[in-house]
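Coordinate analysis (summary)
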There are 2 protein chains.
Amino acid sequence: MTAPALSALSALLGDRFSTARPVCAAHAQSETHIRTGLPDAVVFPETSAEVAAILRICAAHRLPVIGWGAGTSLEGHALPLHGGVSVDFVRMNRVLSVSPEDMLVRVQPGITREDLNRELRATGLFFPVDPGANASLGGMAATRASGTTAVRYGTMRDAVLGLEVALADGRLIRTGTAAPKSSAGYDLTALFVGSEGTLGLITELTLRLHGQPEAVSAAVCAFASMGAAVDCVIETIQSGLPMARIEFLDPAAVAACNAHAQQNLPLAPHLLVEFHGSPAGVAEQAARFGEIAESHDCTGFRWAEKPEERSALWRMRHAAYPACLASRPGATAIVTDVCVPISKLAEAVEETRADIAESGIPGPILGHVGDGNFHAILLIDSESRAEAATAKALASRMAERALRLGGTVSGEHGIGMGKLAYMQAEHGDAWAVMGTLKHALDPDNILNPGKLVPPHDAG
Amino acid sequence: MTAPALSALSALLGDRFSTARPVCAAHAQSETHIRTGLPDAVVFPETSAEVAAILRICAAHRLPVIGWGAGTSLEGHALPLHGGVSVDFVRMNRVLSVSPEDMLVRVQPGITREDLNRELRATGLFFPVDPGANASLGGMAATRASGTTAVRYGTMRDAVLGLEVALADGRLIRTGTAAPKSSAGYDLTALFVGSEGTLGLITELTLRLHGQPEAVSAAVCAFASMGAAVDCVIETIQSGLPMARIEFLDPAAVAACNAHAQQNLPLAPHLLVEFHGSPAGVAEQAARFGEIAESHDCTGFRWAEKPEERSALWRMRHAAYPACLASRPGATAIVTDVCVPISKLAEAVEETRADIAESGIPGPILGHVGDGNFHAILLIDSESRAEAATAKALASRMAERALRLGGTVSGEHGIGMGKLAYMQAEHGDAWAVMGTLKHALDPDNILNPGKLVPPHDAG
Ligand SMILES: Cc1cc2nc3c(=O)[nH]c(=O)nc-3n(C[C@H](O)[C@H](O)[C@H](O)COP(=O)(O)OP(=O)(O)OC[C@H]3O[C@@H](n4cnc5c(N)ncnc54)[C@H](O)[C@@H]3O)c2cc1C
Ligand SMILES: Cc1cc2nc3c(=O)[nH]c(=O)nc-3n(C[C@H](O)[C@H](O)[C@H](O)COP(=O)(O)OP(=O)(O)OC[C@H]3O[C@@H](n4cnc5c(N)ncnc54)[C@H](O)[C@@H]3O)c2cc1C
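A quick note: this is a predicted structure, and the numbers were derived from the prediction, not measured. In this convention, every chain numbers its residues from 1, walking through the sequence in written order. To label them, take the chains in the order written and letter them from A, then take the ligands in the order written and number them from 1. Predicted model: local features are reported for residues with pLDDT of at least 70 only, side-chain atom pairs are reported and counted for 80 or more only, and whole-chain, interface and lining totals are derived from all residues. Side-chain figures throughout are based on the complete set of non-hydrogen atoms in the structure, without hydrogens or water.

**Quick word on the overall build of chain A**
- The helix and strand inventory of chain A stands at 17 helices and 19 strands.
- Its C-alpha radius of gyration of 22 Å places chain A within 12% of the 23 Å reference for a compact globule of 459 residues.
- Only protein chains enter the calculation, and the probe is 1.4 Å; a residue is then buried if its accessible area is under 20% of its type maximum, exposed if over 50%, and partly exposed in between. Put simply, chain A has 459 residues, and 61% of those count as buried.
- Within chain A, counting contacts between residues at least 6 apart in sequence, those at least 24 apart form 71% of the total.
- Total accessible area computed for chain A in this model is approximately 15,900 Å², and 52% of it derives from carbon and sulfur atoms. Every helix listed is a DSSP run of H or I at least four residues long, and every strand listed is a run of E at least two residues long, numbered separately from the N terminus. Here the globule rule reads 2.2 Å times residues to the power 0.38, and the radius of gyration is calculated from C-alpha atoms. Throughout, a residue-residue contact means that at least one pair of heavy atoms, one from each residue, lies within 4.5 Å. Accessible areas in this description were obtained via Shrake-Rupley with a 1.4 Å probe; residue shielding takes into account the shown protein chains only.

Here is the structure:
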């Protein structure tokens, strides 16, 4: 079925269709240790109608279709498990319209977060979801991404107001409206957000924007113990302080960041925080946070009030992943992503710390702790099967721990291939329900097959 | 198929099963003009397991099953179109657990909003979604309800973190976790919220709570024109002021409220607003709102700072619906519920006002204008078919207007039977997709048949 499909695609797209090996190989790569075969072809659509036409061709020939945004996902989401066509959205990267009065923007899925914010700069508005990596908005919606600012502005679940989606049979539908809320029927927007390209390809997004804060202030502070830092987070969140960011770095993560970003932070657990608001509001928030941090014996409290200092701080934070990788030359990483209720955060982080220490594998911990979300970056020798096995066992104990504490195996990265093994444990029969929905919308299983839902015949 | 199903249900539930005519009739009543036949029986389960068992019996005999919360929905949602069993959740009304540290509560679906907040009072937390009516939490989730506080705290979409749901085949599933966010698979929670009992019966909810605000302040003010009031709302929202409530009443609604609640507001367009926060924060917000209102020539600005004054204000607002009804003795109401992008609010309200004026039917307008959501309460003589037809034509022009302006036909009340006719226009092919999902989860169409989705064979 592959050859006729490929010639139909080639006829449709001309030089925006490729079977060249380097192009295919580039669409079988990921930041992680996960590997698959290559796609049979890569296509570069420019319009929604083309995406729909691609799907009609693939449906007719039952050829797998895998969306490709910026390829930064961490669980092999965008890799082809069964060949097929990689649909790269890089040429669908336009801002379609901005409505400053409604604080909305309509974009094509291939635009990146940084490009979007560059285009918005003059409007006084910004798009807050910030996964660090310069991901595409389509990919971020598909993985229900979040990041450092979710504690204040929410995740892609909150940020996406509506979508245009091309379904497995090539129908183009619109979900949601431009009104701030609706009770008119099933929340299809929320169903497609986080569906990892298994239910449809997103061809357009309507996103909620926020006013650029009048005043911003950021700070970094150290704590005597992990427990003290985490308790400070818990108290801050419970106090209702509208933190814009509240990030945790353990001593190992601090060491890696110091080396990579030429910083000189003490090797202790740290919090990095940011406040947004009116000048008076920010001052009030900062003072209240300062008191809470003080009461947990924080030390080395340092403000970053100037924009340059602040960007240096967040550049360091955003580079924490490469910094960790660089801290063990030649290593690859297994990145975990658990998220627990805030009251269980100290327990989760401390048990994880002890478990990693015992394993002998380096595993800096950092996270968006205002949401109860943290990552251990398990750094393994790429050649050592023993280390890989140890790291996987650690990751799976982290997942079990998160579930035991009422949490989830993925706070923001998603399932892809890497976390499939935990879905039954997290969802029970609800996982089969996901399979039923997938089967209803994609009966021939052409959309990103092998990801997220149970194997098709078991659905 | 009905008789054997009913005897099985009777055997299961004993005196919590009833076919008594008054009981059945009470479950075929609604606040509105919509009428149907009676259910064949009413059941009063006490546990999730009983709900699952009820569904297994009904599935085996293909008997319709309709959830019943407090019966306050406004589009005939809970009325039986094809007989069957009304599942009344009144005996499943317990708070199961409160987690103050995580600001979460687990409840059974039958608890009402007021009872829940009474039980939470001592914790310093509250549940913010406030549809005015003392609805059940299960019904509120099922209709994706919101109300006066949504502008600040969001709707049921935001408030529900997880659910337990009994499916059409009697399986009980859990959706979501207690962690603040998750990327682990399809967002089933969001799919069931707003599904109006057509995909499953909600047997438990995990809800997000908020800290009771330290300081609260409310105010009422009048404007020379509807346009000025609405422009004031738009500017307020765009300024990023975190309004806790911002409600609009047109002169006809004010007149009705004056008469019903012994108030003496001038017969002009009014805004009712509320601020929540720290004492300093509330003062700052109130001052900024005052300036904006001033710049739109507001008059009669009056603060309600004392708790008694504030509750009198919101009691008046919450009684606006009965007040409107009482303003035309013997009338019934057709309640509209459009929601538009905030930039289109003035246009939508003014065109609607003119259209109603021309029709000769009394139709006070009020709404949660911070969300772009407003209602016209079209008061018709219950005996007059001509007035009913005029009102329906008005309502349908309002719906078309909302869609033309990029909005939705239902901001918060939902579809039920009353708004089915607009679903194709609002959703296009996405409505068929809703039908596909319904069919996948409820192939025999036993769950609230005839509501929300396209007719089953057309699905
Ligand atoms: C250093 C680093 C830090 C990171 N930090 C964070 C973080 O803090 N928070 C966070 O959430 N993530 C983080 N990530 C993960 C990653 O950035 C996110 O998962 C991101 O959302 C992926 O977007 P992408 O455009 O790269 O998608 P891709 O990797 O290209 O694709 C991801 C998935 O989306 C699907 N997809 C892509 N486009 C579409 C479309 N138009 N329609 C339908 N499906 C589509 C793909 O098929 C695939 O299943 C990080 C990654 C790196 C490398
Ligand atoms: C005076 C007045 C003012 C109102 N103002 C507002 C407002 O401001 N905002 C707003 O949103 N609404 C408002 N409403 C409408 C109404 O209060 C809401 O629709 C409310 O959510 C209905 O809840 P209920 O418990 O009464 O549900 P019901 O009317 O009993 O049922 C509503 C729907 O939910 C289903 N259902 C009930 N329980 C369950 C369950 N456990 N599992 C699955 N399905 C279930 C029913 O089958 C039905 O389809 C108002 C109503 C009145 C009378």
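**Some points on the sheet that holds strand β6 (residues 104-107) of chain B**
All names here are of chain B.
- Overall, antiparallel pairing links the five strands, which are arranged β5-β6-β10-β8-β9 in an open sheet. With partners counted over all chains shown, the strands left at the sheet margins are β5 (95-99) and β9 (172-175), one partner each. Neighbour-to-neighbour, the strand axes of the sheet open up by a mean angle of 10°, direction not taken into account.
- In the sheet, strand β8 (residues 160-166) pairs with strand β10 (residues 201-208) via six bridges, with the strands oriented antiparallel. Paired with E164 across the bridge in β10 is E204. Strand pairing follows a simple DSSP-based rule, namely that at least 2 bridges must link the two strands. Angular values range over 0 to 180 degrees, each being the angle between N-to-C directions of two axes fitted as lines to C-alpha atoms, with helices fitted over their stretch in contact.

**A look at the pairing of strand β14 (residues 270-277) of chain B**
Residue and element names in this part refer to chain B.
- A large share of β14 lies buried, amounting to eight of its eight residues.
- Burial along β14 is two-sided: the residues H270, L272, E274 and H276 and L271, V273, F275 and G277 are all buried.
- As defined by bridge partners, strand β12 (residues 215-222) adjoins β14 across eight bridges and the pair is classed as antiparallel. Bridge assignment links V216 to a residue of β14, and that residue is H276.

**Some words on the environment of B:G414**
- Along the chain, B:G414 falls in the loop between α15 (385-404) and α16 (423-427).
- Excluding its chain neighbours within four sequence positions, the residues that come into contact with B:G414 are A:S183, B:E75, B:H77, B:E196, B:D337 and B:K419.

**As for the interface of chain B and chain A**
- Each side of the interface is counted separately: chain B has 75 residues, and chain A has 75 residues.
- The junction of chain B with chain A conceals about 5,700 Å² of combined surface from both sides, 58% of it contributed by carbon and sulfur atoms.
- Only one rule defines a salt bridge in this text: a Lys or Arg side-chain nitrogen within 4 Å of an Asp or Glu carboxyl oxygen. Applying the counting criterion to the chain B and chain A interface returns six salt bridges.
- Note that B:K181 and A:D371 form a salt bridge whose closest N and O atoms lie 3.0 Å from each other.
- In protein, a polar contact means a hydrogen-donor-capable atom and an acceptor-capable atom, both N or O and within 3.5 Å, with residues adjacent in sequence counting only if both atoms are side-chain atoms; elsewhere, any N or O pair within 3.5 Å suffices. At the junction of chain B with chain A, the criterion picks out 41 residue pairs in polar contact (both at pLDDT 80 or more).
- Secondary-structure elements contributing two or more residues to the side of chain B that touches chain A are α7 (156-159), β9, α8 (188-192), α9 (226-238), α11 (279-295), α16 and α17 (429-441) of chain B.
- With 10 residues, the single largest contributor to the side of chain B that touches chain A is α17(B). Defined here as a combined quantity, buried area equals the accessible surface (1.4 Å probe) lost by two parts on assembly, summed across both.

**Points about unusual backbone geometry**
Residues and elements named next belong to chain A.
- For R144, which is not a glycine, the phi torsion comes out positive at approximately 50°.
- Structurally, R144 is set in the loop between α5 (137-143) and α6 (150-153).
- A positive phi angle is found at L452, which is not glycine, with a value near 65°.
- In this structure, L452 sits in the segment after α17 (429-441).

**Some words on the site of ligand 1**
Residues and elements named next belong to chain A.
- Looking at ligand 1, there are 35 residues lining it, with G67, G69, S73, P131 and S136 nearest.
- N448 is positioned such that a nitrogen or oxygen atom in its side chain is 3.3 Å from an oxygen atom of ligand 1.
- Protein burial of ligand 1: of its 980 Å² of free accessible surface, 95% is covered by the chains.
- Where the shell around ligand 1 is concerned, the elements lending two or more residues are β3 (65-68), α5 and β10 (201-208).
- The leading source of residues in the shell around ligand 1 is α5, at five residues. The rule for a residue being near a molecule or strand is that one of its heavy atoms must lie within 4 Å of it.

**What to know about the pattern of salt bridges**
- Within the structure shown, the criterion is met by 52 salt bridges over all chains.
- Across the pair B:R113 and B:D130 runs a salt bridge, and its minimum N-O distance is 3.2 Å. In this pair, B:R113 is assigned in helix α4 (residues 113-120) and B:D130 in the loop between β7 (125-126) and α5 (137-143), connecting sequence segments 17 residues apart.
- On the basis of relative accessible area, B:R113 is assigned to the buried category, the value being 8%.
- Across the salt bridge formed by B:R171 and B:D169, the nearest N and O atoms sit 3.0 Å from each other.
- Among the ionic contacts, a cluster of salt bridges with common partners joins A:R113, A:E114, A:D130, A:R245, A:E274 and A:R310.

**Section: the relation of the copies chain B and chain A**
- We place the copies in one frame by least squares, fitting the C-alpha atoms of every residue whose pLDDT is at least 70 in both. If you rotate chain B by 180° and push it 0.0 Å along the axis, it lands on chain A with an RMSD of 0.0 Å. Taken together, these values place the two copies in the relation of a two-fold axis.

**Concerning the site of ligand 2**
Residues and elements named next belong to chain B.
- Inspection of the region around ligand 2 gives 35 residues, with G67, T72, S73, P131 and S136 positioned closest.
- Look at ligand 2: alone it shows 980 Å² of surface, and the protein chains cover 95% of it.
- Per-element tally for the shell around ligand 2: the top contributor is α5, with five residues.
- Note that Gly is not counted as nonpolar here; it falls among the polar residues with everything else outside the nonpolar set of Ala, Val, Leu, Ile, Met, Phe, Trp, Tyr, Cys and Pro and the charged set of Asp, Glu, Lys and Arg. The residue makeup of the shell around ligand 2, split by class, is 15 nonpolar, 17 polar and three charged.
- Each of domain 1 (2-90) and domain 2 (95-211) accounts for three or more of the residues forming the shell around ligand 2. These domain boundaries are the output of an automatic or database domain assignment.

**Here we look at the state of the cysteines**
All names here are of chain A.
- In plain terms, two cysteine sulfur atoms within 2.5 Å form what is called a disulfide here. According to the stated counting rule, one finds zero disulfides over all chains in the structure shown.
- Unpaired in this structure, C257 has its nearest cysteine sulfur neighbour in C324, at a distance of 6.2 Å.
- C232 provides the cysteine sulfur closest to C339, a residue in no disulfide bond, and the two sulfurs are 18 Å apart.
- What makes C339 buried here is its relative accessible area of 0%.

**Describing the packing of helix α14 (residues 345-359) of chain A against helix α15 (residues 385-404) of chain A**
Residue and element names in this part refer to chain A.
- Two elements in contact, α14 and α15, have axes separated by 11 Å at closest approach and are oriented at 165°. Taken together, the axes of α14 and α15 are roughly antiparallel relative to one another. Crossing handedness for the pair α14 and α15: right-handed. On α15, the residues that touch E347, A348, E351, T352, D355, I356 and S359 of α14 are T390, L394, R397, M398, R401 and R404.
- Classifying every residue of the contact of α14 with α15 gives four nonpolar, three polar and six charged. These descriptions rest on fixed angle ranges, namely under 35 degrees for roughly parallel, over 145 for roughly antiparallel, 65 to 115 for roughly perpendicular, and the rest for oblique. Helix crossings fall into two classes, left-handed where the near helix is turned counterclockwise from the far one by less than a right angle and right-handed where it is turned clockwise.

**Section: the UniProt feature "domain: FAD-binding PCMH-type" (unreviewed entry) in chain A**
- Per the UniProt record, "domain: FAD-binding PCMH-type" (unreviewed entry) is found at residues 35-212 of chain A.
- As a span, residues 35-212 of chain A carries 24% helix and 24% strand, and end to end its C-alpha atoms are 40 Å apart. UniProt positions are given in the numbering used here, feature names are shortened, and annotations may be inferred rather than shown by experiment.

**A word on the domain arrangement of chain A**
- Here chain A is described as being made up of domain 1 (2-90), domain 2 (95-211), domain 3 (215-321) and domain 4 (328-404).
- Once you take the C-alpha centre of each, domain 1 of chain A and domain 4 of chain A turn out to be 32 Å apart.

**Describing helix α12 (residues 307-318) of chain A**
All names here are of chain A.
- The span one expects for a helix is its residue count, reduced by one, times 1.5 Å. Taking 1.5 Å of rise per residue, the 12 residues of α12 would be expected to cover 16 Å, and the 16 Å separating its terminal C-alpha atoms lies within 8% of that figure.
- Where α12 is concerned, the buried positions are R310, L313, W314, M316 and R317. End-on, the buried residues of α12 take up no more than an arc of 150°, which puts them together on one face. What points out from α12, more than 90 degrees from its buried face, is the exposed set P307, E308 and R315. What the arc measures is the spread of directions leading from the helix axis to the C-beta atoms.

**Considerations on the sheet that holds strand β1 (residues 17-18) of chain B**
- Strand order in the open sheet made by the four strands is β1-β2-β4-β3 (chain B), with mixed pairing throughout. Each of the sheet's edge strands pairs with one partner strand only, and the pair in question is β1 and β3 (65-68) of chain B.

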